[in-house]
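This is what each chain is made of:
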Number of protein chains: 2
Amino acid sequence: MTDSTDSPADVPAFDAEASSLAGRIAPEVMAELLSVRSSIDNIDAALVYLLAERFKATQRVGFLKAAHRLPPADPDREAAQIGRLRALAASAHLDPGFAEKFLNFIISEVIHHHQAISENHAAGQDDAGDGSPTVRSNPAQQ
Amino acid sequence: MTDSTDSPADVPAFDAEASSLAGRIAPEVMAELLSVRSSIDNIDAALVYLLAERFKATQRVGFLKAAHRLPPADPDREAAQIGRLRALAASAHLDPGFAEKFLNFIISEVIHHHQAISENHAAGQDDAGDGSPTVRSNPAQQ
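Now for a description of the structure that goes with this document. Being a predicted model, the structure only gives us computed values, none of them experimental.

All names here are of chain A. One non-glycine residue with positive phi stands out, namely histidine 93, at about 60°. Assignment of secondary structure puts histidine 93 in the loop between helix H2 (75-91) and helix H3 (96-124). Looking at histidine 93, the relative accessible area reads 52%, which means it is exposed.

Here it is in structure tokens:
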């Protein structure tokens, strides 16, 4: 079998009960573990689809910035986002420091995408200024 | 004003229009940018609350592992999760490589939390084995 990191086509069917602990713990403990993990798997699917939607939105921002030759980063916007997410995290009983690290993780990926869009745009686009340019490839949509 | 990274109480009210680009781009471009950013802000709030729920679930796993003296990491489980998330990402037109990086980012935080729960448990708990220990502090719920 090929390495599962090569492409989605190489990914084996998901085994919701996969565990290095299998056979090493009492059945009732494993049952409780699998029950909680099933909830985690549901949440993870929701997170992936939300992240996909978020990247669709930031892709639109990237196109807008490329069309108007704006810089990829926006420090004032990022500072406002971080302050808001820390406050939201606190209200959800999530560590605000983790929420900030999470946003920085996402933003660094977005800026990387925006730079790629901008480079594509500068390399071959003639429609700068119309607000709806197309690009030949987009790292967020591979 | 104190540094906004100190605590949620120090975070100023959110300015949804904060931008280093303010006054430097055409009003109609800024209006389009703010419209997309409003969607991003909604998605980010959903992400934060989902992440909070995910950490509640992994906290339960952490308690279970501490009570039964199980190792914080579970390599077979993590491999299955990564394969599934890559496939989900592909179906959502999200870069599978990013989805994998995202899960690794979350898992490393979870393992850190599990280690803290385990250390708290070992340091002062007498109820190992009952499946519902309490801990004095939890980094995920600060």
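Anyway, onward from the coordinates.
Right, let's talk about the interface of chain A and chain B for a bit. Contacts between chain A and chain B engage 76 residues on the former and 76 residues on the latter. In total, about 7,300 Å² of surface goes out of reach between chain A and chain B, with carbon and sulfur atoms giving 70% of it. Inspection of the region where chain A meets chain B yields 10 salt bridges. Note that arginine 84 of chain A and aspartate 41 of chain B form a salt bridge whose closest N and O atoms lie 4.0 Å from each other. Where chain A meets chain B, there are 18 residue pairs in polar contact (both at pLDDT 80 or more). Elements that contribute at least two residues to the side of chain A that touches chain B include exactly helix H1 (27-67), H2 and H3 of chain A. With 26 residues, the single largest contributor to the side of chain A that touches chain B is H1 of chain A. When its residues are assigned to classes, the side of chain A that touches chain B shows 42 nonpolar, 14 polar and 20 charged.

Below, the discussion takes up the packing of aromatic side chains. Under the criterion given, the structure shown has six aromatic pairs over all chains. With a centroid separation of 4.8 Å and an interplanar angle of 75°, the aromatic rings of phenylalanine 98 of chain A and phenylalanine 55 of chain B are classed as edge-to-face. Here the residue phenylalanine 98 of chain A occupies a position in helix H3, and phenylalanine 55 of chain B occupies one in helix H1 (residues 27-67), the pair thus bridging two chains. Across the pair, exposure class does not vary: phenylalanine 98 of chain A and phenylalanine 55 of chain B are buried alike. With a centroid separation of 5.7 Å and 25° between ring planes, the pair formed by phenylalanine 105 of chain A and phenylalanine 98 of chain B is classed as stacked. With phenylalanine 105 of chain A in helix H3 and phenylalanine 98 of chain B in helix H3 (residues 96-124), the pair connects residues from two separate chains. Taking relative accessible area as the criterion, phenylalanine 98 of chain B reaches 1% and is therefore assigned buried. Joined through ring pairs, the aromatic side chains of Phe55, Phe98 and Phe105 of chain A together with Phe55, Phe98 and Phe105 of chain B make up one cluster. A cation sits over an aromatic face here: arginine 84 of chain A above phenylalanine 14 of chain B, 5.2 Å from the ring centre.

What follows covers the nonpolar core. Leu94, Phe98 and Phe102 of chain A together with Leu94, Phe98 and Phe102 of chain B are the most contacted members of the largest nonpolar core, which has 45 residues in total. Contributing elements (two or more residues each) for this core: H1, H2 and H3 of chain A together with H1, helix H2 (75-91) and H3 of chain B. Ranked by residue count, the leading element in this core is H3 of chain B, at nine residues. The residues touching phenylalanine 98 of chain A, leaving out its near neighbours within four places in the chain, are Leu51, Phe55, Phe105, Ile106 and Glu109 of chain B.

Here lysine 65 of chain B lies in helix H1. Classification of lysine 65 of chain B as buried rests on a relative accessible area of 5%. It is 7.7 Å that separates the C-alpha atoms of lysine 65 of chain B and serine 118 of chain B, two residues lying 53 residues apart in sequence. Apart from residues no more than four positions distant in its own chain, lysine 65 of chain B is found in contact with Arg37 of chain A together with Leu70, Pro71, Pro72, Ala73, Asp74 and His114 of chain B. Of the polar contacts made by the side chain of lysine 65 of chain B, one reaches the backbone oxygen of proline 72 of chain B; its length is 2.7 Å.

Rules behind the numbers
- Residue positions are given per chain, counting from 1 as you read along its sequence in written order.
- Numbering of ligands from 1 and lettering of chains from A proceed in the order in which they are written.
- Where local features are concerned, this predicted model is filtered to residues with pLDDT of at least 70; where side-chain atom pairs are given and counted, the filter is 80 or more; whole-chain, interface and lining totals use all residues.
- Heavy atoms throughout the structure, all of them, feed into the side-chain values; hydrogens and water do not.
- Secondary structure follows DSSP: runs of H or I at least 4 residues long count as helices, runs of E at least 2 residues long count as strands, and numbering of each begins at the N terminus.
- Remark: exposure states derive from per-residue accessible area (1.4 Å probe, protein chains only) relative to the maximum for the residue type, with buried under 20%, exposed over 50%, and partly exposed in between.
- Here, two residues are considered to be in contact whenever any of their heavy atoms come within 4.5 Å of each other.
- Two parts placed together each lose some accessible area; with a 1.4 Å probe, that loss summed over both constitutes the buried area.
- Only one rule defines a salt bridge in this text: a Lys or Arg side-chain nitrogen within 4 Å of an Asp or Glu carboxyl oxygen.
- Counting of polar contacts relies on pairs of N or O atoms within 3.5 Å, with two restrictions inside protein: one atom must be capable of donating a hydrogen and the other of accepting it, and residues adjacent in sequence are counted only when both atoms are side-chain atoms.
- Residue polarity follows a fixed list, in which Ala, Val, Leu, Ile, Met, Phe, Trp, Tyr, Cys and Pro are nonpolar, Asp, Glu, Lys and Arg are charged, and the others, Gly among them, are polar.
- Pairing of aromatic rings covers Phe, Tyr and Trp, the last counted by its six-membered ring, and requires centre-to-centre distances within 6.5 Å; plane angles under 30 degrees mean stacked, over 60 mean edge-to-face, and any other angle means tilted.
- The criterion for a charge sitting over a ring is simple: Lys NZ or Arg CZ within 6 Å of the ring centre, and within 35 degrees of the ring normal.
- Here, nonpolar core means buried Ala, Val, Leu, Ile, Met, Phe, Trp, Tyr and Cys residues that are tied together by side-chain atoms lying within 4.5 Å of each other.

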